[in-house]
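Here is what each chain is made of, one letter per residue.
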Amino acid sequence: MNSDVLQSDHSYDSVKEYYGKVVQKTSDLKTEACCSTQKIPHHLAEVLPLINAEIKDKYYGCGSPIPMCLENLKVLDLGCGTGRDCYVMSKLVGERGFVHGIDMTENQISVAKKHVEAQAKVFGYSVPNVKFIFDYIENIPEYFERESLDVVTSNCVINLTEDKEAILRSVYQILKFGGEMYFSDVYTDRRVPKEMSEDPVLRGECLGGALYQRDFERIAGKVGFSDPRIVSKRTIDVSNKEIQNLVGNIKFYSITYRLWKLEDLEDGCEDYGHIAVYNGQIPGSPLRFELDAGHVFDKNKSENVCGNTAIMLCQTRFKKHFEVSGSFKEHLGKFEAHTNIERHSQSELGNPPCC
Ligand SMILES: C[S@@+](CC[C@H](N)C(=O)[O-])C[C@H]1O[C@@H](n2cnc3c(N)ncnc32)[C@H](O)[C@@H]1O
């Protein structure tokens, strides 16, 4: 899809209007859907004070889609808005890494662009390591070569797009093998009826276009992101009466997913007898490392892991931090023994880890 097609059919005009004009700051939103209430992780909390207030005042994210271990990586943020997450990652990737942000709303991305030089100075960089692109996410294959990026992030954006499957397919294309899409978005416990999904306020508030969680996981698997992993999940409190009346019994969740581009992942967790030990060397995680909500590794403690988790630890940037033993020679059945399941109830996570 190219921008001319998108611009001529006006499919995104109401979203641009919403983020460019209707809402001017985070507190203008009617619900907490596009406004994260989560505690900010330690590795981000240290960086946020270094970011200009104008960038943070128009932050409309719903989660914390910034993974650990970003140093020297090439990252792209989809629907970057005024660039809060891009600037946080600019600091985390360091001067030898690079961050791109793309957004279609001029009023948003112009704020992001305005601060490129000044933020580089604040971080002590001689040359900025951030670039912002004013365009549609649908056009990312025009900007990025196949297998050229390490990480793709996004914060409360994919729900606003028309063809989610096409976007995930493009992301899969431009990621390197061993790379990941790590992103927060809004999901539902059932499919949203068409008339509701077209309501401009519900759409703008990131509710109308939200995908049913199981449909999302099906789409992710279809384009190649097997075994999507939930990093965190929280229920969105829709307290605004007008919006409550419109959405009825539909439940909304903010979920952060980790989708790996790895060749040999199976669609679920199978047991081959692998064991993984974390060495405690990931910056900011000296005692334990959380791969996702179902897989938390204490330093120097052996954990039984399924074949997929073994691959996620051995064929990604985390490999230098784990010793993984085992092979795929003998299949031992479905992986049952998940070590950390008690940390999150299955009903809250939706899909239990390793099932
Ligand atoms: C809820 S805001 C989130 C902004 C930003 N990620 C943040 O955390 O502040 C959604 C953003 O996605 C952008 N967006 C939605 N659909 C888009 C598309 N198809 N292409 C480019 N940007 C899009 C909007 O312009 C808006 O800035």
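You'll find the structure just up there.
Residues numbered from 1 in each chain as written. Predicted model: local features only at pLDDT ≥ 70, side-chain atom pairs only at ≥ 80, totals over all residues. Heavy atoms only, no water.

**Observations concerning the packing of aromatic side chains**
Phase 1 of the analysis: All chains considered together, the criterion is met by 16 aromatic pairs.
Phase 2 of the analysis: Measuring from centroid to centroid gives 4.7 Å for Phe216 and Tyr257, while their planes differ by 45 degrees, and the two rings are tilted. You can see Phe216 sitting in helix H12 (residues 213-223) and its partner Tyr257 sitting in strand E8 (residues 252-260), a full 41 residues away along the chain.
Phase 3 of the analysis: Lying over the aromatic face of Tyr59, Arg84 brings its terminal NZ or CZ to 3.6 Å of the ring centre.
Phase 4 of the analysis: When the ring centre of Phe177 is taken as origin, the NZ or CZ atom of Lys261, which lies over that ring, is 4.6 Å away. (Phe/Tyr/Trp six-rings, centres within 6.5 Å; stacked < 30°, edge-to-face > 60°. Helix = DSSP H or I, 4+ residues; strand = E, 2+ residues; numbered from the N terminus. Lys NZ or Arg CZ within 6 Å of the ring centre and 35° of its normal.)

**Here we look at the pattern of salt bridges**
Phase 1 of the analysis: According to the stated counting rule, one finds 15 salt bridges in the structure shown.
Phase 2 of the analysis: With a closest N to O distance of 3.7 Å, Glu147 and Lys261 form a salt bridge. With Glu147 in the loop between helix H8 (140-143) and strand E4 (149-155) and Lys261 in the loop between E8 and strand E9 (274-278), the pair connects residues that are 114 residues apart, well separated along the chain.
Phase 3 of the analysis: Judged by relative accessible area, Lys261 falls into the buried class, the value being 2%.
Phase 4 of the analysis: One salt-bridge network, held together by shared partners, links Glu165, Arg169 and Lys222. (Salt bridge = Lys/Arg side-chain N within 4 Å of Asp/Glu carboxyl O. Buried < 20%, exposed > 50% of the residue type's maximum accessible area, 1.4 Å probe, protein only.)

**Some words on the nonpolar core**
Phase 1 of the analysis: Leu76, Leu78, Val171, Met181, Phe225 and Leu259 are the most contacted members of the largest nonpolar core, which totals 30 residues.
Phase 2 of the analysis: Breaking this core down by element, the ones donating at least two residues are strand E1 (74-78), E4, helix H9 (164-174), strand E5 (175-188), H12 and E8.
Phase 3 of the analysis: Sorting elements by how many residues they give to this core places H9 first, with five residues.
Phase 4 of the analysis: Filtering out sequence-adjacent residues up to four positions away, Phe225 remains in contact with Leu168, Val171, Tyr172, Leu175, Met181, Ala220, Leu259, Trp260 and Lys261. (Core = buried A, V, L, I, M, F, W, Y, C linked by side-chain atoms within 4.5 Å. Contact = heavy atoms within 4.5 Å.)

**Looking at the site of the ligand**
Phase 1 of the analysis: For the ligand, the set of nearby residues contains 23 residues, the closest of which are Tyr60, Gly79, Asp103, Thr105 and Ile137.
Phase 2 of the analysis: Ile137 places a main-chain nitrogen or oxygen 2.9 Å from a nitrogen atom of the ligand.
Phase 3 of the analysis: Glu138 places a polar side-chain atom, nitrogen or oxygen, 3.0 Å from a nitrogen atom of the ligand.
Phase 4 of the analysis: Protein chains bury 99% of the 590 Å² of accessible surface belonging to the ligand in isolation.
Phase 5 of the analysis: With respect to the pocket detection grid, the ligand is positioned in the largest cavity.
Phase 6 of the analysis: Class assignment for the residues of the shell around the ligand results in 13 nonpolar, seven polar and three charged. (Near = heavy atom within 4 Å. Polar contact = N/O pair within 3.5 Å; in protein donor to acceptor, adjacent residues only side chain to side chain. Areas by Shrake-Rupley, 256 points an atom, 1.4 Å probe, with all protein chains shown as cover. 1 Å grid on protein atoms, 1.4 Å probe; cavity = no way out; pocket = protein on both sides within 12 Å on 5 of 7 lines; lining within 4 Å. Sits in = over half its atoms within 2 Å of the grid points. Nonpolar A, V, L, I, M, F, W, Y, C, P; charged D, E, K, R; others polar.)

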